[in-house]
Every structure is written in structure tokens, then in C-alpha cells.
Amino acid sequence: MSSLLKVDNEIKTKVDAFRERITSEAEDLVANFFPKKLLELDHFLKDPIINITELKEIHSEINLTVPDPILLPNLHDGLEAQNAKKRKLEDGDKEDIVAGTKVFVMPGGMMKSNGNLVDLIEKVKPEIRTLIEKCNTVKMWVQLLIPRIEDGNNFGVSIQEETVAELRTVEGEAASYLDQISRYYITRAKLVSKIAKYPHVEDYRRTVTEIDEKEYISLKIIVSELRNQYVTLHDMILKNIEKIKRPRSSNTDALY
């Protein structure tokens, strides 16, 4: 029979202290922080900043003027135009005749982001990060409560595993919200670059406003989802707290 693993007493003491700290912090999160946070987010959802009905109010002006049209060489002569087209095909050049405006610097300096959305994003991002961090702490607590593997009497353990899976899912969804915000900035930057290069194309300008409106609606949905996740986690853990903390009943309990 192999000998038991020996652990240094000092290290064991520190690990036990860590477990106790995680337990105390996680229980306080479930009992107090989660309900307070869900009420706070529910109140935030009633804030006028996130309940704008006229989405035109969140539009941001794009300070890129349309330059005067550039006159191209006169190609009214049919033969000259035909020869030019023939040379273009022979050279294999597939680019448009009008390649757009070369942009070396923005006329008004740096092109600003949508200030309304930036302010709202700066309020929502900390809430996303908080949910990820708190879920990680509670997940660690439940994982430390899982007993050693045995045959039978594992119903409570399955509840613990389902709780861990739910916490992991919430973490992943919250992280995806951060990715969504990053994609918004990247997409908008590309569109603004297109406007600078093709200032005469109105569709690019309209697309920026559409992207801004979509992001505003998405941010409200994110806040709503954050609140709902706090509600779900709080309710799920409280309903199963007995099995989470005591996954296996003793033989004495089984007799009655």
C-alpha cells in the first residue's frame, strides 16, 4: 500500500486559511452581495441614460466634410474611352477607376468616438468585470466543497457539479460581453476610416449611426442580463444550499 502524501505543516496551515477565506467570502457573496447587486442593476435599468426612446439623441456628429468633386480627364471621345478600357483589362487592374481619397490626417484632428456610448460603456464594463470575479470566487468555493469520489450517494455531488457548470457558463457569457464591446469599437473605426476615404458615400455615414444605435440597445440588454444572472445564481444556490454544503448524508441520517 502506497504511503500517504506528506504535506508540510506550514503550507497546510496556509492552504486551510485560504479555504476558510474563500468560504467566508463566497457565503457573503451569495447571501448579501448577489441580492444587493441585482437590486442595484434593476435600479440602473430605470435610469434615463439607458432608457432613451429617441435614438437620435445618442447619435454622434461625424466631422468629415465632403470635399469638392475632382474632375477626371475628359474621355468623351468614344475611341479614347474604348482604348483606355482595353488597356485597363489587359493590365489586369481590377481596382475601381476612382480609388478614393488618400487620407494622411483628419481635417479636425482626432476623430472622436461617440461620447454618449463611451460614457455608458464605462459604466457597464465594471459591472461585467465584477460579475466575472464574483462568479469565480463562488465557483472555487463550491469546487472545494466537492467530496472525494465514492460509489453511490452522489446526488448531492451532482448538484454541486451543476452549480459549478452554471457559474462557469455565466463567466463565459460575461466575458463575451467584453468581446462584444471591443468588436463595436473595431467595427466603428473601420467605418469611420471608410468615410474618410470615401466622403461622398452617404451609406457609410448612415451605417455608423446604425452601429451606434445597435450598440446602445445591446448595452441595455447586457445590463438586463447581468441582473438576471445575479437573480438566477442567488436563487439556485439558496434553493440547493443544503446539498451544496453537505452533498452526502451520513448513515445515521439515512436511517430516519
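Figured I'd write up the structure that's included with this text. (Residues numbered from 1 in each chain as written. Predicted model: local features only at pLDDT ≥ 70, side-chain atom pairs only at ≥ 80, totals over all residues. Heavy atoms only, no water.)

Overview of the overall build of the chain
Going by this rule: Secondary structure elements follow DSSP: runs of H or I no shorter than four residues count as helices, runs of E no shorter than two count as strands, and numbering proceeds from the N terminus. Here the term buried applies to any residue with accessible area under 20% of the maximum for its type, exposed to any over 50%, and partly exposed to those in between, with areas from a 1.4 Å probe on protein chains only. Note on definitions: a residue-residue contact is assigned when non-hydrogen atoms from the two residues lie within 4.5 Å.
Across its full length, the chain holds seven helices and zero strands. Split into buried and exposed, the 256 residues of the chain put 28% on the buried side. Counted over contacts in the chain with a minimum sequence separation of 6, partners at least 24 positions apart contribute 87%.

Details of the packing of aromatic side chains
The condition is simple: Within 6.5 Å between ring centres, the rings of Phe, Tyr and Trp (the latter by its six-membered ring) count as paired, and their orientation is classed by plane angle as stacked under 30 degrees, edge-to-face over 60, tilted in between. Only when the NZ of Lys or the CZ of Arg is both within 6 Å of the ring centre and within 35 degrees of the ring normal is a charge said to sit over the ring.
With the rule as written, the count across this model stands at five aromatic pairs. Summarising the aromatic geometry, the rings of Tyr184 and Tyr185 are spaced 5.3 Å apart at their centres and angled 50° between planes, so their arrangement reads as tilted. Accessibility expressed as a relative area gives 28% for Tyr185, which makes it partly exposed. Among the aromatic residues, those joined into a ring-pair cluster are Phe33, Phe34 and Tyr230. Residue placement shows Lys134 over the ring face of Phe33; its charged tip is 5.3 Å from the ring centre.

Concerning the nonpolar core
So the rule is basically this: Put simply, a nonpolar core is a bunch of buried Ala, Val, Leu, Ile, Met, Phe, Trp, Tyr and Cys residues held in one set by side-chain atoms that sit within 4.5 Å of each other.
Val124, Ile128, Val138, Trp141 and Leu219 are the most contacted members of the largest nonpolar core, which totals 47 residues. The set of elements that each furnish at least two residues to this core consists of α1 (9-44), α3 (115-145), α4 (155-197) and α5 (202-239). For this core, the leading source of residues is α4, giving 12 residues. Those residues in contact with Leu219 that sit more than four places away from it in its chain are Ile50, Leu117, Leu120, Ile121, Val124 and Ile181.

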